[in-house]
Amino acid sequence: MDTLSEASSIRLNNRIYEMQAAGMDVITLSLGEAFFDIPVPSFEGLPSAKIHHYSHSRGVPLLREKLAKYQQASSGAPVDPEREIMVTAGSKAAIVMAFTALLEPGDEVIIPEPMWVSYPDQVRIARGVPVMTPWYETVEGLASYITPRTRAIVVNNPHNPSGRRLDADALRALHELADRHGLFLIADEAYHEFVANGSTFVSALEHDPGKRHTIVCNSMSKNYGISGWRIGYMIANAQLTDQIIKLQQHMVTCAPTILCYYLAENFETIIERTRPQIQRVVGARNRMAALLAEQGVECLDGDSTFYLFASLGESRLNSEYFAERLLHQHGVGVVPGIGYGPSCDRFVRISVGTESDERLVQGISALASLVHETR
Ligand code: PLP
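Every value quoted in this text rests on a predicted model; they were computed, and no experiment measured them.

Participant: Honestly, the site of the ligand in this entry has me stumped. Any pointers?
Facilitator: Around the ligand, the surrounding shell holds 14 residues, and the nearest of these are Asp188, Tyr191, Ser219, Ser221 and Arg230. Trp116 has a polar side-chain atom sitting 3.4 Å from an oxygen atom of the ligand. Interatomic distance of 2.6 Å between a side-chain N/O atom of Ser221 and an oxygen atom of the ligand. The protein chains hide 93% of the 400 Å² of surface that the ligand would expose on its own.

Listed below in structure tokens is the structure:
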């Protein structure tokens, strides 16, 4: 346990909740989700004899069918709802189960920085060794980190925290690397709906429809704006899913039954309702990127999700001091870049998912001023 740490973004957000409870107004650019206007669910009409109880460990069959079709529509790859998909208690659970199934103690997993804060500890929980690569490393450059102990590469697409969307060439290169070295790709696609109209999301399954080395971990948390429901899913080949199901059965039995029934029945309606809201959020992200650029603050390349990974430029503060000062002097919460990997201390993460445009502009302007003031 001593090798694990608290998720830095969650720790910071807990502090912001405490400040808000004490009556302080904080412009919150630190939350890892977007707030949508969605109705309070009614469970009327769902099968009352079933919704209160354990359900199939792979997931309620109708939900699996709908998810399989949904995934097929976005990747072109067929997904067998009987054998190749498992509904999980959030994608975090899916990722931990994937690592647990794949890794022998001491096996290595390549995690490109900036990385979502949980990956290294998720690898450690599975007794593996996270191998982080610096933020400026290219996809081709990942080859130099492969050793005889390497078992997998994490591919987070679209990307938290940069908002980067991988194109087909980059994904093809990753599949080639996986084939050449016998590796798995852990494809975390938890933000796959957060792509602007007119841009294309390419799933890792597209170039590996047989799922020989791809495990997709995905989630309703971000895409449907229901992070608290704890519903995610994993797609992998049937042999691997047959193994991983054992972990699910011994740890959680099944994802929350009542919510799975609700989602299965209301799948299409929820997507119809959230997709336009997603477009609004991605639009805000890209407007804020332009505003930062105008104010002399650069961000890592990206056009998707609701995140920006902003450079501290010539500020003399490290990312923790910077975030601390921004919070206490200006009442603006951002997440220090250092949580996204040791090479990322010159960045902070901004999330545009939960504030109005007016408050976003206020927060972004305060951040840009602090970068310049602390040169
Ligand atoms: N993957 C990424 C990249 C994330 O940013 C998050 C949450 O912040 C998750 C996975 C986990 O989401 P959940 O467990 O709610 O599906």
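Participant: Is there a simple way to explain the domain arrangement of the protein in this structure?
Facilitator: You'll often see interface size given as the accessible area lost when the parts meet. Each assigned domain of the protein is listed here: domain 1 (8-37 + 275-373) and domain 2 (61-269). Computed from C-alpha atoms alone, the centre-to-centre distance between domain 1 and domain 2 is 26 Å. Opposite the 31 residues of domain 1 that make contact, domain 2 presents 29 residues. When the two sides are added together, the surface that domain 1 and domain 2 hide from each other amounts to roughly 2,400 Å², 58% of it contributed by carbon and sulfur. Linking domain 1 with domain 2 are two salt bridges. For the salt bridge of Arg165 with Asp303, the shortest nitrogen-to-oxygen distance reads 2.8 Å. Along the contact surface separating domain 1 from domain 2 lie 16 residue pairs in polar contact (both at pLDDT 80 or more). Secondary structure elements with two or more residues in the side of domain 1 that touches domain 2: helix H1 (8-21), helix H9 (257-294), strand S9 (307-311) and strand S12 (347-351). Of the residues belonging to the side of domain 1 that touches domain 2, the class tally is 15 nonpolar, 10 polar and six charged.

Participant: Just checking my understanding: could you explain the packing of aromatic side chains for this structure?
Facilitator: One pair of aromatic rings is described through two measures. These are the centre distance and the angle between the planes. Within this structure, the stated rule accounts for 16 aromatic pairs. Each ring, one from Phe36 and one from Phe194, has its centre 6.3 Å from the other, and the planes form 20 degrees; the classification is stacked. Taken together, the residues Phe36 in the loop between strand S1 (27-28) and helix H2 (48-51) and Phe194 in the loop between strand S6 (184-188) and strand S7 (214-219) connect sequence positions 158 residues apart. For the pair Phe36 and Phe194, a shared accessibility class is recorded, and that class is buried. The interplanar angle of 85 degrees and the centroid separation of 5.1 Å between the aromatic rings of Trp116 and Tyr119 together place this pair among those described as edge-to-face. Classification of Trp116 as buried rests on a relative accessible area of 16%. One aromatic cluster is present, formed by Phe36, Tyr191, Phe194, Phe306 and Tyr307 through successive ring pairs.

Participant: What's the story with the sheet that holds strand S11 (residues 335-336) in this structure? I'm lost.
Facilitator: Whenever strands of a sheet pair, they do so through backbone hydrogen bonds, lying parallel or antiparallel. Overall, antiparallel pairing links the three strands, which are arranged S9-S12-S11 in an open sheet. In the strand order of this sheet, the two ends are held by S9 and S11, each with one partner. Examined bridge by bridge, S9 and S12 share five bridges and lie antiparallel to one another. Each residue of the ladder has a partner; that of Phe309, found in S12, is Arg349.

Rules behind the numbers
- For every chain, the first residue of its written sequence is number 1, and the numbers climb from 1 along that sequence.
- Predicted model: local features are reported for residues with pLDDT of at least 70 only, side-chain atom pairs are reported and counted for 80 or more only, and whole-chain, interface and lining totals are derived from all residues.
- As a convention, hydrogens and water are excluded, and side-chain values are obtained from all of the structure's heavy atoms.
- Proximity is defined per residue: if any heavy atom of the residue lies within 4 Å of a molecule or strand, that residue is considered near it.
- Two N or O atoms form a polar contact when they lie within 3.5 Å of each other; inside protein one atom must be a possible hydrogen donor and the other a possible acceptor, and for residues adjacent in sequence the pair counts only when both atoms belong to side chains.
- What sets the accessible areas is the Shrake-Rupley method with a 1.4 Å probe; for residues, cover comes only from the shown protein chains.
- For every domain, the bounds stem from an assignment made automatically or drawn from a database.
- Any pair of residues with heavy atoms lying within 4.5 Å of one another is described as a contacting pair.
- By convention, the term buried area covers the 1.4 Å-probe accessible surface removed from two parts as they join, with the contributions of both added.
- The term salt bridge refers to a side-chain nitrogen of Lys or Arg lying within 4 Å of a carboxyl oxygen of Asp or Glu.
- The secondary structure listing takes helices from DSSP runs of H or I that are at least 4 residues long and strands from runs of E that are at least 2 residues long, numbered from the N terminus.
- Each residue is assigned to one class: nonpolar for Ala, Val, Leu, Ile, Met, Phe, Trp, Tyr, Cys and Pro, charged for Asp, Glu, Lys and Arg, and polar for all the others, Gly among them.
- Within 6.5 Å between ring centres, the rings of Phe, Tyr and Trp (the latter by its six-membered ring) count as paired, and their orientation is classed by plane angle as stacked under 30 degrees, edge-to-face over 60, tilted in between.
- Any residue under 20% of the maximum accessible area for its type is buried, any over 50% is exposed, and the rest in between are partly exposed; the area is computed with a 1.4 Å probe on protein chains only.
- In this scheme, strands are said to pair when DSSP sees at least two bridges between them.

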